[in-house]
Amino acid sequence: MKTATISNLHQLSDEDVMEQLQAGVVQAFDIIVSRYKDRLHNFLFRYTHNHEDCEDLVQETFLRVYRSRHSYERIAKLSTWMYTIALNLAKTMYKKKQRMSTISIHADESDPDDREFVIPDTVLLQDDELHLKLSVQELEKALSELNDDFKEVIILRDIQQLTYEEISEITGTAMGTVKSRINRARLQLQEKIGDYVKSETF
Amino acid sequence: MNVSNLNKHSYSMFLNFSESDDVIHSIISSITEESLTPAEQLTLKDLYISSPVLARYAKAGLKSKKMIANLPKVNARPNFDQKMAAAFSLELQKEEVRLNASLLNRKEPV
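About the cut-offs
- Residues numbered from 1 in each chain as written.
- Chains lettered and ligands numbered in written order.
- Predicted model: local features only at pLDDT ≥ 70, side-chain atom pairs only at ≥ 80, totals over all residues.
- Heavy atoms only, no water.
- Helix = DSSP H or I, 4+ residues; strand = E, 2+ residues; numbered from the N terminus.
- Buried < 20%, exposed > 50% of the residue type's maximum accessible area, 1.4 Å probe, protein only.
- Contact = heavy atoms within 4.5 Å.
- Areas by Shrake-Rupley, 256 points an atom, 1.4 Å probe, with all protein chains shown as cover.
- Phe/Tyr/Trp six-rings, centres within 6.5 Å; stacked < 30°, edge-to-face > 60°.
- Buried area = accessible area lost by both parts, 1.4 Å probe.
- Salt bridge = Lys/Arg side-chain N within 4 Å of Asp/Glu carboxyl O.
- Polar contact = N/O pair within 3.5 Å; in protein donor to acceptor, adjacent residues only side chain to side chain.
- Axes fitted to C-alpha atoms, helices over the stretch in contact; angles between N-to-C directions.
- Parallel < 35°, antiparallel > 145°, perpendicular 65-115°, else oblique.
- Left-handed = near helix turned anticlockwise from the far one by under 90°.
- Nonpolar A, V, L, I, M, F, W, Y, C, P; charged D, E, K, R; others polar.
- pLDDT = per-residue confidence, 0-100.
- Core = buried A, V, L, I, M, F, W, Y, C linked by side-chain atoms within 4.5 Å.
- Expected span 1.5 Å × (residues − 1).

1. Observations concerning the overall build of chain A
Secondary structure assignment for chain A yields nine helices and zero strands. Listed N to C, the secondary structure of chain A is α-α-α-α-α-α-α-α-α in terms of helices and strands. Going through the 202 residues of chain A one by one, you find that 46% of them count as buried. Long-range pairs, those at least 24 residues apart, make up 58% of the contacts in chain A between residues at least 6 apart in sequence. When the accessible surface of chain A is split by element, carbon and sulfur atoms take 51% of a total near 11,200 Å².

2. Considering the packing of aromatic side chains
All names here are of chain A. With the rule as written, the count across this model stands at eight aromatic pairs over all chains. Ring geometry for F29 and F62: centres 6.4 Å apart, planes at 80°, overall edge-to-face. With a gap of 33 residues between them, F29 in helix 3 (residues 27-48) and F62 in helix 4 (residues 51-67) connect regions that are remote in the sequence. As far as the burial class goes, F29 and F62 line up, both buried.

3. Section: the interface of chain B and chain A
Reports of interface size often rely on the accessible area that becomes lost once the parts have come together. Taken together, the contact pairs 37 residues of chain B with 43 residues of chain A. When the area that chain B buries against chain A is broken down by residue, the three leading residues are M67(B), I68(B) and V74(B), summing to 18%. Residue E191(A) is joined to R56(B) by a salt bridge in which the shortest nitrogen-to-oxygen separation is 3.1 Å. The tally of links between chain B and chain A comes to 18 residue pairs in polar contact (both at pLDDT 80 or more). Only helix 3 (22-32), helix 5 (52-69) and helix 6 (80-106) of chain B provide two or more residues apiece to the side of chain B that touches chain A. Here the side of chain B that touches chain A gets eleven residues from one element, more than from any other, and that element is helix 5 of chain B.

4. Observations regarding unusual backbone geometry
Residue and element names in this part refer to chain A. With a phi angle near 60°, H49 is a residue other than glycine that sits in the positive phi range. In this fold, H49 is placed in the loop between helix 3 and helix 4. Positive phi, normally seen in glycine, also occurs at Q161, with a value near 60°. Its location among the elements puts Q161 in the loop between helix 7 (148-159) and helix 8 (164-171).

5. Examining the packing of helix 9 (residues 175-193) of chain A against helix 5 of chain B
In contact at an axis separation of 8 Å, helix 9 of chain A and helix 5 of chain B are set at 75° when each is read in the N-to-C sense. Between helix 9 of chain A and helix 5 of chain B, the angle is such that the two are roughly perpendicular. On helix 5 of chain B, the residues that touch N183(A), R184(A), R186(A), L187(A), L189(A), Q190(A), E191(A) and I193(A) of helix 9 of chain A are R56(B), Y57(B), A60(B), G61(B), K63(B), S64(B), K65(B), M67(B) and I68(B).

6. Here's the deal with the pattern of salt bridges
This model, assessed by the stated rule, comprises 23 salt bridges over all chains. We note a salt bridge from E91(B) to R67(A), for which the minimum N-O separation is 2.9 Å. Here E91(B) is found in helix 6, whereas its partner R67(A) is found in helix 4 on a different chain. Each member of the salt-bridge network shares a partner with another, and the members are R157(A), D158(A), R186(A), E33(B), E34(B) and K65(B).

7. Observations regarding the side chain of T48(A)
All names here are of chain A. Mapping T48 onto the fold places it in helix 3. Assessed through its relative accessible area of 6%, T48 is described here as buried. Apart from residues no more than four positions distant in its own chain, T48 is found in contact with D53, C54, L57, M93 and K97.

8. Notes on the packing of helix 3 of chain A against helix 5 (residues 78-100) of chain A
Residue and element names in this part refer to chain A. Two elements in contact, helix 3 and helix 5, have axes separated by 10 Å at closest approach and are oriented at 35°. Crossing hand, helix 3 versus helix 5: right-handed. Residues I32, Y36, R39, L40, F43, L44, Y47 and T48 of helix 3 touch helix 5, and the partners they reach there are L78, S79, M82, Y83, A86, L87, A90, M93, Y94 and K97. Along the lines of polarity and charge, the residues of the contact of helix 3 with helix 5 split into 14 nonpolar, two polar and two charged.

9. Looking at the confidence of the model for chain A
Segments scoring low in pLDDT should not have their predicted coordinates read at a detailed level. Taken as a whole, chain A shows an average pLDDT of 85; of its residues, 78% reach a score of 70 or greater. Across residues 117-123 of chain A, where pLDDT falls below 50, the model places one contact with residues more than four positions away in sequence or in other chains.

10. A few points about the environment of E40(B)
Residue placement: E40(B) occurs in helix 4 (residues 38-50). A polar contact of 2.9 Å, which involves the side chain of E40(B), links it to the backbone nitrogen of T37(B).

11. Details of the nonpolar core
The biggest cluster of nonpolar side chains holds 65 residues, and the ones touching the most others in it are I32(A), F43(A), F62(A) and M82(A). Contact partners of I32(A), with chain neighbours within four places excluded, come to V17(A), M18(A), L21(A), F62(A), L78(A) and M82(A). Core analysis: the second largest hydrophobic core is formed by 14 residues, I24(B), L36(B), L47(B) and Y57(B) among them.

12. A word on helix 9 of chain A
Under the 1.5 Å per step criterion, the end-to-end length of helix 9 of chain A is 27 Å for 19 residues, consistent within 8% with the ideal 27 Å. Taken together, the buried positions of helix 9 of chain A are G176(A), V178(A), S180(A), R181(A), I182(A), N183(A), A185(A), R186(A), L187(A), L189(A), Q190(A) and I193(A).

This is how it looks when you write it as structure tokens:
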């Protein structure tokens, strides 16, 4: 295989860039990072809901891509392979968080100094802006409340815009199941947010 | 999915609509993904009347899809590249150490 120069790397397809990485061209890793950092961030943020954890997950996804670069085979699209790694990491983190959330620290009601504070939002928003902000929050909340199987397919389809075939491959589920889960997830979502959010808001 | 094929047979199957029915879900997907042909589009109204459950799924699907697609994108923050570069450089160092160690182990004793 021919080794590409750095400027050539930018012209290559994802799969060709990955081949360069497998051949030892370390710069190919930077290309993969620059192409996927925002896509993975947008995907994983729906699981973490904060930038710090999300960045850690994105970083770990890239490091795993590098570590297991030799196990990647061209029969799969690079994006599909990367999303599979990211989804597995997100699921593991999500399970860990769920276990941890069973231990919570509440304010001691008998202690007057131990109170939970509500911090008011000091930024005053215009009506439309406020409505949009609340709508986005409600939608994000409804999305996070979906069961795991529904959540993953709807994020992959409607946020990441992946095809049904790619989702089937990433989640390891039959195409019929993917379609059924997406339809049911969308219905559930609409039922959850129907009262709060009008689709015209977006 | 060919909705018109279904018209040729009967809409009665929609009366027994099961949530796990692959055919029905394929039709709902075609509607929500807006991949119907103009001819199929014309039959939609009848289809909705025949199966209110299918109509509910399809309409909710179209709305949800539109809302989610317009959620603001969450991109990586500007300092991500720096953090990633640092983590990757550490990874390369670790790899080198591992490689050296395995080379040393492979060497025959003098």
